[in-house]
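Close look at the chain arrangement
So you can see what is in the structure, the chains are spelled out below.
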Amino acid sequence: MDTSIQKHYFSTHLLTWYRRHRRDLPWRRSRNPYYIWISEVMLQQTRVDTVIPYFHRFIERFPTMESLADAPEEDVLKLWEGLGYYSRARNLQGAIREVQERYAGKVPDTLEEISTLKGVGPYTAGAVLSIAYNKPEPAVDGNVMRVLSRYFLIEEDIMKPKTRSIMEKLAKELIPEGAAGDFNQALMELGAMVCTPRSPHCLTCPVMEHCSARDAGMEEELPVKKKAKPPRPEYRIAAIIEGSGDNAGKVLIRQRPQEGLLARMWELPHAEVPFTYEAQEQTVLQAIPASISLLTDQLAEETIGVCPERWFMKAEHTFSHIHWDMQVVVCSLEPSVLSTSSGMLMPSRYQWVDSSMMEQFAFPNVFLKLLNRYFQEKQMS
DNA sequence: AAGACGGGGCA
DNA sequence: TGCCCAGTCTT
């Protein structure tokens, strides 16, 4: 097979297929670079079906770059709640502010300029430039690498930066004259709808005829990808601290540190329990009393005296690099502390909330689900 | 080059 | 329940 014929066939057939079969997605109804940008950032590591409602809410609350630039960060974080990788939201707002100041409110249309913006890497730069401005830049994401590795039978490990640069060069060559935006979206659409990770739908593929992996019976083996390391386990103990008096019906939450995991999000007070990796389930359960004192000691250092009342539930949550195994215990405030905890001594990163106040604070999903379940059960009883 | 950084879907 | 998905920034 002559490679140049194979490439030309791919580009023309894929583009034609896309223009007939493209899904009607919210961000495809606009050429507004700002909206395209938001959608591309949300779509990083996130499925289309998940992003759609977030996208609608986001552009309704922040219809213009100016509105996003002027918003408090916590509002942006709240709109991102549950979407994950929260630095995406902070970087997006920071970059939008940069566009307001440095580029007179116009999203840059050159690779050099747009790539300097926070959170805009090679993929997002190419996606915005091609989709919003029809510039012939490649936009290589996981879908694209899967499609190209199969069609051209590329057996390099796609996790390697070198493979990525090979893919970018190839993807750029394939862009048909004047159709960068549609072609780049066509590549991703094919990867999402037809050339799927497992059991690709070759029989409906518009470019099956010249697909090298299909010819070689290799479509299920590609792309080659080194497996990620399993997440390390962490054992944690969390407290649902019930208020009394003025705070009756409320529980205590706190804000996470400025940097690191789930930065600036709100959570239930909790502590890591220093068990070894070898700790068995039984050992952990038996160790709950010791874990509780570990947590209450930490809270006492913050002038919050609590008393464990009852076990609530176990909660597990897996991040890409950490697995949390968390026991959740309902606590009351110690009476002796009650009289002195009227606000002056409570650190400001702590906050009493009830069910109706949840919308004022952004929580990671693991705590959002826990709190909703707690408030729901309390309402039942 | 390797690790940090969330959350969800599928078999 | 276990496996898969995978952009950008930092170290």
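Residues numbered from 1 in each chain as written. Chains lettered and ligands numbered in written order. Predicted model: local features only at pLDDT ≥ 70, side-chain atom pairs only at ≥ 80, totals over all residues. Heavy atoms only, no water.

Description of empty space enclosed by the protein
By rolling a water-sized probe across the atoms, one finds the places where empty space is left. This structure, assessed with the given rule, holds 2 cavities of 30 Å³ or more. Each pocket or cavity is described by its volume, and for the largest cavity that value is around 100 Å³. What lines the largest cavity is a set of 14 residues, and nearest its centre among them are R150, C195, C202, C205 and C211. (1 Å grid on protein atoms, 1.4 Å probe; cavity = no way out; pocket = protein on both sides within 12 Å on 5 of 7 lines; lining within 4 Å. Points joined across faces, edges and corners; volume = space filled by probe spheres on them.)

So, the domain arrangement of chain A
By domain assignment, chain A separates into domain 1 (3-216) and domain 2 (232-380). Taking only C-alpha atoms, the centre of domain 1 and the centre of domain 2 are 38 Å apart. Contact with domain 1, which involves 8 residues of that partner, is made by 13 residues of domain 2. Of the roughly 800 Å² buried between domain 1 and domain 2 on both sides combined, carbon and sulfur atoms contribute 54%. Looking at the side of domain 1 facing domain 2, the largest losses of area belong to K78, E81 and Y86, adding up to 51% of the total buried there. Where domain 1 meets domain 2, there are 1 salt bridge. (Domains from an automatic or database assignment. Contact = heavy atoms within 4.5 Å. Buried area = accessible area lost by both parts, 1.4 Å probe. Salt bridge = Lys/Arg side-chain N within 4 Å of Asp/Glu carboxyl O.)

Some points on the pairing of strand β2 (residues 251-255)
Of all 5 residues in β2, 4 are buried, a share of seventy percent or more. Alignment of β2 against strand β7 (residues 350-353), held across 4 bridges, turns out to be antiparallel. Paired with R254 across the two strands is Y350, which belongs to β7. As paired strands, β2 and strand β3 (residues 266-267) are joined by 2 bridges and run antiparallel to one another. Residue pairing in the sheet places Q255 in a bridge with W266 of β3. (Buried < 20%, exposed > 50% of the residue type's maximum accessible area, 1.4 Å probe, protein only. Helix = DSSP H or I, 4+ residues; strand = E, 2+ residues; numbered from the N terminus. Pairing = 2+ DSSP bridges.)

Points about the protein's contact with DNA strand B
The environment of DNA strand B is made up of 24 residues, and the closest members are Q45, Y85, Y86, L262 and N365. Within 4 Å of the protein, the contacting atoms of DNA strand B are 64% sugar and phosphate, with bases supplying the remainder. Within the side chain of K226, a nitrogen or oxygen atom sits 3.5 Å from a phosphate oxygen of DNA strand B. Here a phosphate oxygen of DNA strand B and a side-chain polar atom of H317 are 3.0 Å apart. Taken together, the elements giving at least two residues each to the surface near DNA strand B come down to β5 (306-318) and α16 (365-380). Looking at the surface near DNA strand B residue by residue, the class counts come to 8 nonpolar, 10 polar and 6 charged. (Near = heavy atom within 4 Å. Polar contact = N/O pair within 3.5 Å; in protein donor to acceptor, adjacent residues only side chain to side chain. Nonpolar A, V, L, I, M, F, W, Y, C, P; charged D, E, K, R; others polar.)

Some remarks on the layout of surface pockets
Here the second largest pocket is characterised by a volume of approximately 560 Å³. Around the second largest pocket sit 25 residues that line it, and G84, Y86, L262, H317 and F319 are the ones nearest its centre. Elements supplying a minimum of two residues to the lining of the second largest pocket: α6 (87-102), β5 and α16. Here the lining of the second largest pocket is built from residues that sort into 12 nonpolar, 9 polar and 4 charged. Counting only domains with at least three residues in the lining of the second largest pocket, you end up with domain 1 (3-216) and domain 2 (232-380).

As for the UniProt feature "domain: HhH-GPD" (unreviewed entry) in chain A
The sites that carry the UniProt feature "domain: HhH-GPD" (unreviewed entry) are, in the present numbering, residues 42-193. The annotated region residues 42-193 carries 65% helix and 0% strand content, and the separation between its end C-alpha atoms amounts to 19 Å. (UniProt positions renumbered as here; feature names shortened; annotations may be inferred.)

So, the pairing of β5
Successive side chains on a regular strand alternate, one facing one side of the sheet and the next facing the other. Judged from the 11 bridges that link them, β5 and strand β6 (residues 322-333) form a sheet pairing that is antiparallel. Within β6, the residue paired with R310 across the bridge is V330. Linkage of β5 to β6, two consecutive antiparallel strands, is achieved through a turn of 3 residues.

Focus: the nonpolar core
In terms of nonpolar packing, the biggest core is built from 108 residues, with F10, W37, F58 and L148 touching the most fellow members. Among all residues touching F58, those that are not within four sequence positions of it are Y34, I38, M42, L68, V76, L79, W80 and L92. Listed in part, the 19 residues of the second largest apolar core include I237, A239, V306 and C331. (Core = buried A, V, L, I, M, F, W, Y, C linked by side-chain atoms within 4.5 Å.)

Let's talk about the packing of aromatic side chains
Within this structure, the stated rule accounts for 14 aromatic pairs. Centroid distance F58 to F62: 5.1 Å. Interplanar angle 65°. Geometry classified as edge-to-face. Each member of the pair, F58 together with F62, is buried. Positioned over the ring face of Y54 is R57, at 4.8 Å from the centre of the ring. (Phe/Tyr/Trp six-rings, centres within 6.5 Å; stacked < 30°, edge-to-face > 60°. Lys NZ or Arg CZ within 6 Å of the ring centre and 35° of its normal.)

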